[in-house]
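Here's the letter readout for the chains.
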Amino acid sequence: MSAPVSIDILKQHLIDPEICIRCNTCEETCPIDAITHDANNYVVKADVCNGCMACVPPCPTGAIDNWRTVRREDAYAIDAQFTWDVLPEERALPVSEAGSDTVPVVAGETDKAIPVPGPATDTVRGSIVPPWSAAKPYVNLYTHKAPTRATVVGNYRLTDATTDSAIHHIVLDFGATPFPVLEGQSIGILPPGATADGRVHHARQYSIASPRDGERPGYNNVSLTVKRVLQDHAGNPTAGVCSNYLCDLKKGDVVSVIGPFGGTFLMPNHPNSHLLMICTGTGSAPMRAMTEYRRRRRLKGATGKLMLFFGARTKEELPYFGPLTNLPKDFIDTNLAFSRTPKQPKRYVQDAMRERAPDVAQLLKDDNTHIYVCGLKGMEDGVLQALKEIAEAQGMPWDPLWERLRMEGRLHLETY
Ligand code: FAD
């Protein structure tokens, strides 16, 4: 009998293009840069991925958790993955080539011994678990294959007509269709039409700006805070597909919705919890949802505090400016920062945080404090740096505090 032929088997990690909402969470989370994307798909490089699973829990949809057993030499290349609309079927392996022996496949990777690193917490900056007292979220009730529909019952511009930043408040009603949400969750919108090469548009994700009991209490509706994208990140003119579609909707129009998404960026339910909220622009959506939930349920004797740092270029570009400044001072401690007010020095959220350092430090010392950061990608570094400086000035070494906040579901980052 001839000796078994050794073949190199790979449990290849793949992302389901039908479910993926292109939120970039996996690419950000991967500690070894095994995930990349083009305009079409997010994909995993087979020769780099080591199956450490760091990207799996944070994925809001579960699109990330797909695997195919292949011969290493037949692994799907990223160029092929970029073209996929659906995942390939599992292929039968030519086991006979390995003689009568069973082909060995080590879960997550390969038959070769590969050192699997420990939890990738050194690159995951925020919590991947919810606050201990968060309510149970429902996720993925509606998918690309089976979306639901919602009717537009309101759409108005929040930002001043004199600015070129158009941010809209859009209210979607689900009628009799169940769509349970929690503050901090998001939904996916499927814009109609197709890309220039004929593919259906992928879903875009939007944070929910209303509390769990509805934009209007007792109604089965949610609100969104949507910025009309008229320039790409480099400042070149463009017309964002979904944001323009949403901002142009009229009352009575019907949209296709998937979700809800998100099982970690959730608010604590215990009334003595403190919320330290830091946001820019449309990152205010989840903060509005949480603030409004707490405002509707102000419990007698509860000691939980709300502190908000909110940045925009100018007062006129700050969504919800009016209602926000009308909230009672003993309910929420609001700090605004404007970076482009004429004749004023630039002021960012992290500057406002430093000015309030003693009060922020007080919150950092308290195990009931939960921190939420949402908005422009560029804000994350500055905010984390400010938190570090504020903590360390009060004798709290940042690294162990940061680790504890992450592990206890008390530091949530959502930037895009
Ligand atoms: P596309 O057609 O996808 O893009 C057009 C061009 O604009 C591309 O070059 C793209 O790179 C660039 N671009 C994309 N987004 C922006 C931007 N914001 N600024 C400048 N250039 C951009 N958006 C909201 O308005 N409100 C929200 O509450 C919100 N929540 C989000 C939550 C999460 C977790 C994530 C991942 C994203 C969220 N977004 C939110 C962003 C949203 O999903 C879309 O990316 C955004 O509306 C642009 O989509 P589009 O189809 O209009 O643009």
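Colleague: What's the story with the pairing of strand β11 (residues 274–280) in this structure? I'm lost.
Modeller: A regular strand places its side chains so that they alternate between the two faces of the sheet. Most of β11 sits inside the fold, with seven of its seven residues counted as buried. Bridge count for β11 against strand β14 (residues 369–375) is six bridges, and the pairing is parallel. Within β14, the position partnered with Cys279 by the bridge is Cys374. Pairing analysis gives six bridges linking β11 to strand β12 (residues 306–312), with the strands arranged parallel. Bridged to Met277 within β12 is Leu308. Read from β11 through helix α4 (residues 284–296) to β12, the crossover connection turns out right-handed.

Colleague: Help me out: how do you make sense of the packing of aromatic side chains in this one?
Modeller: The relative placement of two aromatic rings is captured by the distance of their centres and the angle of their planes. For the structure shown, the criterion picks out five aromatic pairs. Centroid distance Tyr142 to Phe179: 5.6 Å. Interplanar angle 10 degrees. Geometry classified as stacked. Of this pair, Tyr142 sits in the loop between α2 (78–83) and β5 (148–157) while Phe179 sits in the loop between β6 (167–173) and β7 (186–190), placing them 37 residues apart in sequence. On the accessibility criterion, Tyr142 (15% relative accessible area) is buried. For Phe179, a relative accessible area of 4% puts it in the buried group. Joined through ring pairs, the aromatic side chains of Tyr142, Phe174 and Phe179 make up one cluster. Note that Arg406 overlies the ring of Trp402, its terminal NZ or CZ placed 5.0 Å from the centroid.

Colleague: Before we go on, may I ask you to explain the site of the ligand in this structure?
Modeller: For the ligand, the set of nearby residues contains 20 residues, the closest of which are Gln205, Tyr206, Thr225, Cys242 and Ser243. Measuring from an oxygen atom of the ligand, one finds a backbone N or O atom of Lys227 at 2.9 Å. Within the contact set of the ligand, an oxygen atom lies 3.0 Å away from a backbone nitrogen or oxygen of Val241. Here the ligand loses 78% of its free accessible area of 910 Å² to cover by the protein chains. Take the shell around the ligand: its biggest share by element is four residues, from strand β8 (residues 204–207). Of the residues belonging to the shell around the ligand, the class tally is seven nonpolar, nine polar and four charged.

Colleague: Could you clarify how one ought to interpret the environment of Ile332 in this entry?
Modeller: Looking at where Ile332 falls in the secondary structure, it is placed in the loop between α5 (321–325) and β13 (333–338). Between the C-alpha atoms of Ile332 and Arg294, which are 38 residues apart in sequence, the distance is 9.9 Å. Leaving out residues up to four positions away in the same chain, Ile332 has contacts with Met277, Thr291, Leu306, Leu308 and Leu327.

Colleague: Even after reading the chapter, I still don't get the pattern of salt bridges, so can you show me in this structure?
Modeller: Side-chain pairs of opposite charge can arise whenever the charged atoms involved come near each other. Per the stated rule, a full pass over the model turns up 30 salt bridges. One salt bridge connects Arg313 with Glu317, and the closest N-O pair in it is separated by 3.0 Å. For Arg313, a relative accessible area of 38% gives the class partly exposed. The network of salt bridges with common partners includes Asp213, Glu292, Arg295 and Arg296.

Colleague: Would you explain the confidence of the model for the protein in this entry?
Modeller: It should be kept in mind that the predicted coordinates are not to be read in detail where pLDDT is low. In this model, the protein carries a mean pLDDT of 90, and residues with pLDDT of at least 70 account for 91%. Low pLDDT, under 50, characterises residues 97–122; the stretch is placed with 50 contacts to residues that sit more than four places away or in other chains.

Colleague: Would you mind showing me how to read the sheet that holds strand β10 (residues 254–261) here?
Modeller: Within a sheet, adjacent strands bond to each other through the backbone by hydrogen bonds, running parallel or antiparallel. Spatially, the six strands line up as an open sheet ordered β8-β7-β10-β5-β6-β9, and their pairing is antiparallel. A single partner strand is all that each edge strand has here, and the edge strands are β8 and β9 (221–227). Within the sheet, the average angular offset between the axes of one strand and its neighbour, ignoring direction, is 40 degrees. With four bridges joining them, β7 and β8 adopt antiparallel strand pairing. In the sheet register, Gly188 faces β8, and the bridge partner there is Gln205. Across the face of the sheet, α4 comes into contact with β6, β8 and β9 while running at roughly 150 degrees to β9.

About the thresholds
- Residues numbered from 1 in each chain as written.
- Predicted model: local features only at pLDDT ≥ 70, side-chain atom pairs only at ≥ 80, totals over all residues.
- Heavy atoms only, no water.
- Buried < 20%, exposed > 50% of the residue type's maximum accessible area, 1.4 Å probe, protein only.
- Helix = DSSP H or I, 4+ residues; strand = E, 2+ residues; numbered from the N terminus.
- Pairing = 2+ DSSP bridges.
- Right-handed = clockwise from strand over helix to strand, strands pointing away.
- Phe/Tyr/Trp six-rings, centres within 6.5 Å; stacked < 30°, edge-to-face > 60°.
- Lys NZ or Arg CZ within 6 Å of the ring centre and 35° of its normal.
- Near = heavy atom within 4 Å.
- Polar contact = N/O pair within 3.5 Å; in protein donor to acceptor, adjacent residues only side chain to side chain.
- Areas by Shrake-Rupley, 256 points an atom, 1.4 Å probe, with all protein chains shown as cover.
- Nonpolar A, V, L, I, M, F, W, Y, C, P; charged D, E, K, R; others polar.
- Contact = heavy atoms within 4.5 Å.
- Salt bridge = Lys/Arg side-chain N within 4 Å of Asp/Glu carboxyl O.
- pLDDT = per-residue confidence, 0-100.
- Axes fitted to C-alpha atoms, helices over the stretch in contact; angles between N-to-C directions.

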